[in-house]
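Structure assessment
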Amino acid sequence: AGRVPISVQGLPHGVKVLRAVHGSRTDGAVFAVGDNGRVARMAGADWTVMDTGVDQTLYDVWVFSANDVYAVGENGTFLHFDGSNWTSIPTGGTARFTSIWGASPNDVWLVGWGPVMLRYRNGTLESALPAEVPAAFNAPNGISATALDDVWVVDNDSVLRSDGQSWTQYPLVLPTGKFLRSIWAIGDGSAYALGNGDSSSGENSALWLGLTRTVALPVKGAVAITGLGTDVYVLSDKRLFHYAHDPARLP
């Protein structure tokens, strides 16, 4: 799901901007989060607005089931929904949490500006920030993974990857003025990342980060990325792109 504002129409009064959406394969539950601490929940063909009890912008959400949902956002906001109520989980800081990934209901990862990388395991928060990170790694914008031995974190101009034992920096050099804002792990040791290009500039804004090479994809103005297995979906400001991931077919 994207981390940029998406104007929403057709929702009940109380939600103006949504910033991320996620759903569960377990029971089909779908939640979207946005400004002013608002959450929209899909029930059938309709959306209902939920009040989380906070007024902070929410940037990301992770859904295990309709009774087990996590959301993160501004000023250290970390929330959990148990099917009935939203509860704030203290993080001990005021970081802007930008992204969340759930390895399991008892193992949730949060990243945010600072830099901050936290792991919420069995009700306890602990730092997961690598001991040595690049000097420019100060504002993580996204986290994605397929397993605990394939975790990717993207900063403005840095990409870190964990194999479950240690963290390494992906060799990537971006043009001046460009930054990365989200990432989607594939599971074969590669990932797709989105930058800040726009359609009017004529510049590509989606990248495939392979094991030995990086490929710019012909996508202008990409704003959101998601996937299912080897199917990757990239939303631009004008169209939706679908990639059947196959490194052999990439230039």
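Up top is the structure.
Okay, so let's go over this structure.

Conventions used here
Just so you know, the residues in each chain are numbered from 1, in the order the chain's sequence is written. Local features in a predicted model are, by the rule used here, given only for residues with pLDDT of at least 70; side-chain atom pairs are given and counted only at 80 or more, and totals for whole chains, interfaces and linings are based on all residues. The basis for every side-chain value is the complete set of heavy atoms in the structure, and neither hydrogens nor water enter the calculation. Strands are treated as partners if at least two bridges between them are detected by DSSP. Counting from the N terminus, the helices are DSSP H or I runs at least four residues long and the strands are E runs at least two residues long. Between N-to-C directions, angles cover 0 to 180 degrees, with each direction set by a line fitted to C-alpha atoms, over the stretch in contact for helices. Here the term buried applies to any residue with accessible area under 20% of the maximum for its type, exposed to any over 50%, and partly exposed to those in between, with areas from a 1.4 Å probe on protein chains only. When two rings of Phe, Tyr or Trp (its six-membered ring) have centres within 6.5 Å they constitute a pair, described as stacked for plane angles under 30 degrees, edge-to-face for angles over 60, and tilted for the intermediate range. In our convention, an over-ring charge means Lys NZ or Arg CZ found within 6 Å of a ring centre and within 35 degrees of that ring's normal.

Observations concerning the sheet that holds strand β22 (residues 222-228)
Pairing in this open sheet of 3 strands is antiparallel, and the strands run β22-β23-β24 from one edge to the other. Among the strands making up the open sheet, the edge pair consists of β22 and β24 (240-244). In this sheet, adjacent strand axes meet at a mean angle of 20 degrees when their direction is disregarded. Of the strand pairs in this sheet, strand β23 (residues 231-236) and β24 are connected by 5 bridges, and their pairing is antiparallel. By the bridge assignment, L235 is partnered in β24 with L240.

Section: the pairing of strand β6 (residues 58-65)
The buried count for β6 comes to 8 of 8 residues, which makes it a mostly enclosed element. Here β6 pairs with strand β7 (residues 68-73) via 6 bridges, running antiparallel. Across the sheet, the residue bridging to S65 is D68, located in β7. Taking the residues that link successive antiparallel strands as the turn, the β6-β7 hairpin has 2 residues.

A closer look at unusual backbone geometry
In this model, G114 is joined to P115 through a cis peptide bond whose omega is 5 degrees. For P115, the position within the fold is in the loop between β11 (107-112) and β12 (116-121). Residue N75 is not a glycine yet carries a positive backbone phi of 55 degrees. As for its placement among the helices and strands, N75 is situated in the loop between β7 and β8 (78-81). A relative accessible area of 41% places N75 in the partly exposed class. At N122, a position not held by glycine, the phi torsion is positive, near 50 degrees. Note on placement: N122 falls in the loop between β12 and β13 (124-127).

Observations concerning the packing of aromatic side chains
Tallied over the full model, the rule gives 9 aromatic pairs. Seen in terms of ring centroids, W101 and W109 are 6.3 Å apart; in terms of plane orientation they differ by 55 degrees. Their pairing is tilted. On the basis of relative accessibility, which here comes to 6%, the residue W109 falls in the buried class. Taken together, the ring pairs in this structure connect F64, Y70, F78 and Y120 into an aromatic cluster. Here R96 stacks its cationic end above the ring of W113, 4.3 Å away from the centre of that ring.

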